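Observations on the model geometry
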Amino acid sequence: MSASYQHSESVPEITDEDFLKFKEFFYRKTGINFELTKRYFVDKRLVERIKATNTENFRGYFALLRFQPSGEELQQLTNLMTVNETYFLREEYQFKCLVNSILPEIVQRKKGRDPIRIWCIPSSSGEEPYSVAMYLQETWPGIADWDVEIISSDIDTNILRRARAGRYSIRSVQHMPAVWLEKYFTGVKNEYQLCDDLRQAVEFTRVNLSEPADTLRYRNFDIIFCRNLLIYFDDLSRKTAAEAFYEVLNPGGYICLGHSESMSRISPLFKVCKFPEAIVYRKALEAR
Amino acid sequence: MKRILLVDDAATVRMYHRDILECAGYAVEEAWNGIEALEKALQSPFDLFLVDVNMPKLDGYGFLRELRRLEIPQMPAIIVSTEAEADDQLQAYRSGANGYLVKPVSPSQLLTHVRLMLGEHSQ
Amino acid sequence: MAFVKRKAMEPAPADVPKQERSCAELTACLEDSDPQTRRQAAREMLHFPDVSGALVSRLRREQDAAVREVILTTLVRLADPSAAAGMAECLRSEDAALRNEVIEAIGLLSGDVSATLRTLLADSDPDVRIFAVNILDSRRQPDVESWLIEVIEKDVHLNVCATAVDLLCEVGTEAALEPLLRLKVRFVSEVFIQFAANRAIKRIRGV
């Protein structure tokens, strides 16, 4: 038996038509459209999952992906196809959008001196809500005039404990300007400890987004950051989460999703809104 | 090259229209429903929209109503529907459509309408 | 000014649902002029039996899309026979938004909706039959293919068959090849059906 034959037996083949079939299905489900240039990247991950699920070939695997009642495999695969890591200032263009476009709009409409309320979910280990706080502190002149409340939630209490502690690896802070790093962190052995002032700026809470009773106390928010979470939810959980966000937001409030996510796969409840830095979504001003 | 946005949740329909339009020299982009179509319309200008009626999350009429409210240059839109009744056509025009075609559309019928909407002389 | 925290996440009084509202009270709230009250009522009705009829009745008249979304979520979670039947009836609505919301919602129903789908696929209105195929699309049942084959073998309407063929591109196996070839013969002069069937055949063969 030749070596090449052994090889072709051990690696499941993805034909051009298989690739197109998968590409269309994945686009429909997630809104992510793989160009042909991504073929190698996609094939490699499909083969990995075919092996891990013992489905033998593309056909068997695709049937699992398409028909599995729990939708677990689709979740697994989405995880592999998207880069799901968190670090300070990830997807920074959205923070720029927050400061340059969203906040000026919100401030203009605010009556009285109520605080501006921002909800970051999932909190994960805290990089995102702390990035928001830091970004506002460093780049938003309005911070001198306005109170800002940042609340960050997660379903996982262990990760919330880590978020509150505010201790990070070098990898987590690698995209931060040196001056900010020096100003807000102290080096502790191989890690960085976030300063108390910033740790105090964010309130961490536990929330299950799919449970309406959990989100009942969250109201009157101006901005929600919900990045790279809903893409992993099944259809009904996405729908429920979007309805929760609708209650959470003030009329005219904004939602920022992750870079590879689109509201077109989630919910019709919000308007598409284009700013120079990003596309975000908005609860209609006249909504009640 | 004129740019056309195809809005339909059925991949087969998008592919069919794409083949016809690309062969006739148009640049084509696709959207799966009305929300994705709005996102694309906001990101770059199109000369024409070809829009299905029944789609998840945001249907063709809903898309047109939103599109017509956007502060972007307003370009013609053709509704491509499975429904052939006068009521449906009127609803399309009230929502902001400029043309109405009933599925399935033959290649020559599609190109005739597209050229008409784009103000091009048909050969 | 600075970063602030509330002492607790205390809710504004208006947001707290009144404890233990009766089913009759909630049904009355579905007619309230405030959409927020209607949404809250529709959400709470999940905990009562036999409310699908009242929810569907409101759904058909409801003008606020956000209220419709919540009503549909409750109906999907209730998933009783009258929820399925009531939603199916909405497919005849003149309102395109409602029709499409309902197609998605029926697709999310857990449990067996075969009986509802059978009825819809036999409807005299080809548009209703198209919606039935759309619903099949979102259901995760492996026997979807045999339903689709039945459609392309029997349905007289071209657009119904075309919708089924689009879905066969994704879920079809060798079993669909012969029926697809027969469909091509049945609509031999229709360019679109030829295109769609050829595409499905290519997908199924995988090369």
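None of the values given here were measured: they were computed from a predicted structure.

Some words on the sheet that holds strand E3 (residues 48–52) of chain B
Pairing between the strands of a sheet comes from backbone hydrogen bonds, and it takes one of two forms, parallel or antiparallel. Residue and element names in this part refer to chain B. Within the open sheet, the five strands sit side by side as E2-E1-E3-E4-E5. Their pairing is parallel. Single-partner strands in this sheet number two, and they are strand E2 (27–31) and strand E5 (99–102). Each adjacent strand pair in this sheet contributes to an overall mean axis angle of 20 degrees, direction not counted.

Brief notes about the sheet that holds strand E8 (residues 249–257) of chain A
Residue and element names in this part refer to chain A. Spatially, seven strands are ordered E6-E2-E1-E7-E8-E10-E9 in an open sheet, and the strand pairing comes out mixed. Each of the sheet's edge strands pairs with one partner strand only, and the pair in question is strand E6 (202–206) and strand E9 (271–274). Strand-to-strand twist across the sheet, computed as the mean angle between neighbouring axes with direction ignored, equals 25 degrees. Pairing of E9 with strand E10 (residues 279–282) involves four bridges; the strand directions are antiparallel. Considered in E10, the bridge of Cys-273 is made with Val-280.

Focus: the interface of chain C and chain A
The interface is formed by 42 residues belonging to chain C together with 53 residues belonging to chain A. The junction of chain C with chain A conceals about 4400 Å² of combined surface from both sides, 50% of it contributed by carbon and sulfur atoms. Joining chain C to chain A, the criterion identifies 13 salt bridges. The partner of Arg-288 of chain A in a salt bridge is Asp-34 of chain C, with the nearest N and O atoms 3.4 Å apart. Inspection of the region where chain C meets chain A yields 24 residue pairs in polar contact (both at pLDDT 80 or more). Of all the secondary-structure elements, those providing two or more residues to the side of chain C that touches chain A are helix H2 (35–44), helix H4 (65–78), helix H10 (158–171) and helix H12 (191–205) of chain C. Ranked by the residues each element gives to the side of chain C that touches chain A, the list is headed by H4 of chain C, at eight residues. Taken together, the residues of the side of chain C that touches chain A break down into 19 nonpolar, seven polar and 16 charged.

Re the interface of chain B and chain A
Facing 16 residues of chain B, the contacting portion of chain A comprises 15 residues. For the pair chain B and chain A, the two sides together bury roughly 1400 Å², of which 60% comes from carbon and sulfur. Ranking the residues of chain B by area buried against chain A places Trp-32, Glu-39 and Lys-57 of chain B at the top, with a combined share of 39%. Applying the counting criterion to the chain B and chain A interface returns two salt bridges. In this structure, Glu-66 of chain B engages Lys-271 of chain A in a salt bridge whose closest nitrogen and oxygen atoms are separated by 2.9 Å. At the junction of chain B with chain A, the criterion picks out seven residue pairs in polar contact (both at pLDDT 80 or more). The element best represented in the side of chain B that touches chain A is helix H2 (residues 34–43) of chain B, accounting for six residues.

Some points on the domain arrangement of chain A
Residues and elements named next belong to chain A. Each domain of chain A was delimited in the assignment, giving domain 1 (16–81) and domain 2 (92–283). Of note, the centres of domain 1 and domain 2, computed from C-alpha atoms alone, are 30 Å apart. The partner domain 2 presents six residues to the nine residues of domain 1 that form the contact. Around 710 Å² of area is buried between domain 1 and domain 2 when both sides are counted, 47% of it from carbon and sulfur atoms. It is Lys-29, Thr-30 and Gln-75 in domain 1 that bury the most area against domain 2; as a group they hold 47% of the surface buried on that side.

Here we look at helix H7 (residues 127–139) of chain A
Residue and element names in this part refer to chain A. In this model H7 runs 17 Å from its N-terminal to its C-terminal C-alpha over 13 residues, within 8% of the 18 Å that 1.5 Å per residue would give. Among the 13 residues in H7, 10 count as buried, and that is most of the element. Residues of H7 that are buried include every one of Glu-127, Glu-128, Pro-129, Tyr-130, Ser-131, Val-132, Ala-133, Met-134, Tyr-135 and Leu-136, and no others.

Regarding the environment of Lys-96 of chain A
All names here are of chain A. Following the sequence through the fold, Lys-96 ends up in helix H6 (residues 92–109). With 167 residues separating them along the chain, Lys-96 and Met-263 place their C-alpha atoms 20 Å apart. Setting aside chain neighbours within four positions, we find Lys-96 in contact with Ser-101, Tyr-135 and Glu-277.

Looking at the state of the cysteines
Within this structure, the stated rule accounts for zero disulfides over all chains. Between Cys-23 of chain B, a cysteine without a disulfide, and Cys-169 of chain C, which holds the nearest cysteine sulfur, the sulfur-to-sulfur distance is 19 Å. Counting only cysteine sulfurs, Cys-23 of chain C is the nearest neighbor of Cys-29 of chain C, a cysteine outside any disulfide, at a range of 11 Å. What makes Cys-29 of chain C buried here is its relative accessible area of 16%.

Definitions and limits used
Residues numbered from 1 in each chain as written. Chains lettered and ligands numbered in written order. Predicted model: local features only at pLDDT ≥ 70, side-chain atom pairs only at ≥ 80, totals over all residues. Heavy atoms only, no water. Pairing = 2+ DSSP bridges. Helix = DSSP H or I, 4+ residues; strand = E, 2+ residues; numbered from the N terminus. Axes fitted to C-alpha atoms, helices over the stretch in contact; angles between N-to-C directions. Contact = heavy atoms within 4.5 Å. Buried area = accessible area lost by both parts, 1.4 Å probe. Salt bridge = Lys/Arg side-chain N within 4 Å of Asp/Glu carboxyl O. Polar contact = N/O pair within 3.5 Å; in protein donor to acceptor, adjacent residues only side chain to side chain. Nonpolar A, V, L, I, M, F, W, Y, C, P; charged D, E, K, R; others polar. Domains from an automatic or database assignment. Expected span 1.5 Å × (residues − 1). Buried < 20%, exposed > 50% of the residue type's maximum accessible area, 1.4 Å probe, protein only. Disulfide = S-S within 2.5 Å.

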